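# Commentary on secondary and tertiary structure
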Amino acid sequence: MQKLVASCLIGCVAVGVLVVSGSSALAHHSFSMFDFGAPTNLEGTVQEFRYTSPHTFIILKVRGKDGNVATWTLEGNPPTALERDGWTRATLKPGDQIRLTVSPARSGTTGGMWSPGAVHFRDGKTAGR
């Protein structure tokens, strides 16, 4: 009887470890959704800068050639990586005018991935360092 209880307990612990470790592995995604071979230049107004883990986001209002404004959702590095480049949660604020180069979403939606060295303020200064 003790062997059965011990085996059941070991089995339950093993399943618990698998469930906990498996969910974190599934939570992360690939960056294959971005087209790194087709850099796209954007200029617009920061609506929001989400300085969150595991990825930061810039929500950017961009006026197109047709005059219509599109909202771009741009995914970036985690805060810990940005901090090595001199970024803080206050680096970008709503209303800031920026220019940046992004790797656009392959799906054609108004989304993409940005890099810290590719973000410049309207006056030409680079965000971060």
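Reading guide: rules and limits
Residues numbered from 1 in each chain as written. Predicted model: local features only at pLDDT ≥ 70, side-chain atom pairs only at ≥ 80, totals over all residues. Heavy atoms only, no water. Core = buried A, V, L, I, M, F, W, Y, C linked by side-chain atoms within 4.5 Å. Buried < 20%, exposed > 50% of the residue type's maximum accessible area, 1.4 Å probe, protein only. Helix = DSSP H or I, 4+ residues; strand = E, 2+ residues; numbered from the N terminus. Contact = heavy atoms within 4.5 Å. Polar contact = N/O pair within 3.5 Å; in protein donor to acceptor, adjacent residues only side chain to side chain. Pairing = 2+ DSSP bridges. Axes fitted to C-alpha atoms, helices over the stretch in contact; angles between N-to-C directions. Salt bridge = Lys/Arg side-chain N within 4 Å of Asp/Glu carboxyl O.

On to the nonpolar core, then. Ranked by size, the top nonpolar core spans 18 residues in total, and within it Leu60, Leu74, Leu100 and Trp114 carry the most contacts. Counting only elements with at least two residues in this core, the list comes to strand 1 (40–50), strand 2 (57–63), strand 3 (69–75), strand 4 (97–104) and strand 5 (111–121). Not counting residues within four places of it along the chain, the set of residues in contact with Leu74 comprises Leu42, Thr56, Phe57, Ile58, Leu60, Leu100, Val102, Gly111, Gly112 and Trp114.

Glancing now at the side chain of His55. With respect to the helices and strands, the residue His55 is situated in the loop between strand 1 and strand 2. A relative accessible area of 9% means that His55 is categorised as buried. A distance of 3.3 Å separates a polar side-chain atom of His55 from the backbone oxygen of Gly76.

Here strand 1 runs beside strand 2; their pairing, made up of five bridges, is antiparallel. Within strand 2, the position partnered with Val46 by the bridge is Leu60. Linkage of strand 1 to strand 2, two consecutive antiparallel strands, is achieved through a turn of six residues. By the bridge criterion, seven bridges tie strand 2 to strand 3 in an arrangement that is antiparallel. Residue pairing across strands places Phe57 opposite Glu75, the latter belonging to strand 3. Hairpin remark: strand 2 followed by strand 3, antiparallel, with five residues in the connecting loop; positive phi at Gly67, about 90 degrees.

Pairing within the closed barrel is mixed, and its five strands lie in the order 1-2-3-5-4. Along the sheet, successive strands turn relative to each other by an average axial angle of 55 degrees, direction set aside. Pairing analysis gives three bridges linking strand 3 to strand 5, with the strands arranged parallel. Along strand 5, the bridge assignment pairs Leu74 with Gly112.

This part is about the environment of Phe34. Mapped onto the elements, Phe34 comes out in the loop between helix 1 (2–27) and strand 1. Here the alpha-carbon distance between Phe34 and Ser107, two residues 73 residues apart in the chain, equals 8.4 Å. Residues within four places of Phe34 in sequence aside, it is in contact with Glu75, Ser103, Pro104, Ala105, Arg106, Gly112 and Met113.

All right, on to the environment of Val119 then. Locating Val119 in the fold gives a position in strand 5. Remark: the alpha-carbon pair of Val119 and Leu42, spanning 77 residues in sequence, is separated by 9.7 Å. Once residues within four sequence positions are removed from consideration, Val119 is found in contact with Trp87, Leu92, Ile98, Arg99, Leu100, Trp114, Lys125, Thr126 and Ala127.

With that settled, consider the pattern of salt bridges. Within the structure shown, the criterion is met by four salt bridges. For Arg122, the salt bridge identified is with Glu43, shortest N-O distance 3.4 Å. With a gap of 79 residues between them, Arg122 in the segment after strand 5 and Glu43 in strand 1 connect regions that are remote in the sequence. Judged by its relative accessible area of 54%, Arg122 falls in the exposed class. When the shortest N-O distance is used, the salt bridge between Arg50 and Glu48 registers 3.0 Å.

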